[in-house]
Amino acid sequence: MKIALLGTGRMGLPMARRLCEAGHEVRVWNRTRAKAEPLAGCGARIGDTPAEAVRDAEVTVGMLESGPIVQDVLFGQGAAQAMRSGSLFIDMASIQPREARDHAARLGELGVGCLDAPVSGGTVGAENGTLVIMVGGRPADFERARAVFQVFGRATHVGPHGTGQLTKLANQMIVGITIGAVAESLLLCAKGGADMAKVREAITGGFADSRILQLHGQRMVERDFAPRARMSVQAKDMRNALATAEEIGFDAPITRLFGQLYAQALEHGLADLDHAGLFVELASRNGMR
């Protein structure tokens, strides 16, 4: 297939590489061209503008930073107008559901199909093709996109436009809240004189076990907060979840509390830590290192 990919950052670069390795004809664009240039060695062509990159594509994949940036690239920089009628845009960025619905409607007026398909799995999942992909949009468009999704990981169609983003918000709510629960419980044990590493070991395999306890809990024990998923991104996701809850009249008190905790961590200079670094914010509140 002729596929364009917009946004070759930490996630987009390995995803574009996988498309090339799967035999697709790939053209890419990135705001900072140097970040796209390594893909030339894989056979990808680099567009100077988003419009140039998407012009002949059957499918365009977006892996951009935020809803406003997606809107600017599509409708401000001319990518949407340059897309072929009958082609498909797969937005794999994490944006607000209302933004996804608006983009789908505007693209539909141009004869372009659209799926909102945010992902979970981080850079490791992008590199290994093991991403979890949550897809909103028309079932027929989901079927058209299967060959692309198979390159990236496991895709599930969850409903109409916007529901892929809604599902990603649910994912991020669970991740962010569980990180806080693991951090607070380990710190409580440490404050009371227990060995955090042994506490984590003791409850692993029990009813409280989770990937968060296993992976992020280990990072907390080792004080390893090098960013895999940044605190700033987790805070953004919590804000988006709360904004969406307000729009649909849903009370989310647990998410609101943790949204405040992540926001305060950013205020205290922790934005560039891994989101497991909420541990640092909670430790500081308790006078612990």
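Now for a description of the structure that goes with this document. What you see is a predicted model; the values in this text were computed from it and never measured.

## A word on the packing of helix α9 (residues 163-191) against helix α10 (residues 196-203)
- It is at 9 Å that the axes of α9 and α10 come closest, and there the two elements cross at 125°. In terms of orientation, α9 lies oblique with respect to α10. Relative to α10, the crossing made by α9 is right-handed. Here Leu186, Leu187, Cys189 and Ala190 of α9 come into contact with α10, specifically with Met196, Val199 and Arg200.
- Here the residues of the contact of α9 with α10 are counted per class, giving six nonpolar, no polar and one charged.

## Regarding the nonpolar core
- By size, the foremost hydrophobic cluster in this structure holds 33 residues, and its most contacted members are Met15, Val28, Ile90, Met92, Ile133, Phe149 and Phe152.
- Only β1 (2-6), α1 (12-21), β2 (25-29), β4 (59-62), β5 (88-91), β8 (131-136) and α8 (146-152) provide two or more residues apiece to this core.
- Of the residues forming this core, the biggest block, five residues, is contributed by α1.
- Excluding residues within four positions of it along the chain, Phe149 makes contact with Ile90, Met92, Leu115, Ala117, Ile133, Val135, Phe142 and Ala155.

## Considering the side chain of Asp116
- With respect to the element layout, Asp116 can be found in strand β6 (residues 113-116).
- In this structure, Asp116 is buried with no salt-bridge partner, the nearest side chain bearing the opposite charge being Arg101 at 8.0 Å.
- There is a polar contact of 2.9 Å between the side chain of Asp116 and the backbone nitrogen of Gly164.
- Not counting residues up to four positions away in its chain, the partners in contact with Asp116 are Asp91, Ala100, Met134, Val135, Gly136, Gly137, His161, Gly162, Thr163, Gly164 and Gln165.

## Thoughts on empty space enclosed by the protein
- What the rule picks out here adds up to one cavity of 30 Å³ or more.
- Quantified by volume, the largest cavity comes out at close to 80 Å³.
- Looking at the largest cavity, the residues that line it are Lys2, Ile3, Glu25, Val26, Arg27, Arg45, Ala53, Val54, Arg55, Asp56 and Ala57.
- Taken together, the elements giving at least two residues each to the lining of the largest cavity come down to β1, β2 and α2 (50-54).
- Considering every element that reaches the lining of the largest cavity, the biggest residue donor is β2, with three residues.
- Residue classes in the lining of the largest cavity are distributed as five nonpolar, no polar and six charged.

## Looking at the side chain of Lys168
- In this structure, Lys168 sits in helix α9.
- Buried and unpaired, Lys168 has no salt bridge, with Asp237 as the nearest side chain of opposite charge at 5.2 Å.
- Once residues within four sequence positions are removed from consideration, Lys168 is found in contact with Ser94, Pro118, Val119 and Met134.

Rules of the game
- Residues numbered from 1 in each chain as written.
- Predicted model: local features only at pLDDT ≥ 70, side-chain atom pairs only at ≥ 80, totals over all residues.
- Heavy atoms only, no water.
- Axes fitted to C-alpha atoms, helices over the stretch in contact; angles between N-to-C directions.
- Helix = DSSP H or I, 4+ residues; strand = E, 2+ residues; numbered from the N terminus.
- Parallel < 35°, antiparallel > 145°, perpendicular 65-115°, else oblique.
- Left-handed = near helix turned anticlockwise from the far one by under 90°.
- Contact = heavy atoms within 4.5 Å.
- Nonpolar A, V, L, I, M, F, W, Y, C, P; charged D, E, K, R; others polar.
- Core = buried A, V, L, I, M, F, W, Y, C linked by side-chain atoms within 4.5 Å.
- Buried < 20%, exposed > 50% of the residue type's maximum accessible area, 1.4 Å probe, protein only.
- Lys, Arg positive; Asp, Glu negative; His and termini not counted.
- Salt bridge = Lys/Arg side-chain N within 4 Å of Asp/Glu carboxyl O.
- Polar contact = N/O pair within 3.5 Å; in protein donor to acceptor, adjacent residues only side chain to side chain.
- 1 Å grid on protein atoms, 1.4 Å probe; cavity = no way out; pocket = protein on both sides within 12 Å on 5 of 7 lines; lining within 4 Å.
- Points joined across faces, edges and corners; volume = space filled by probe spheres on them.

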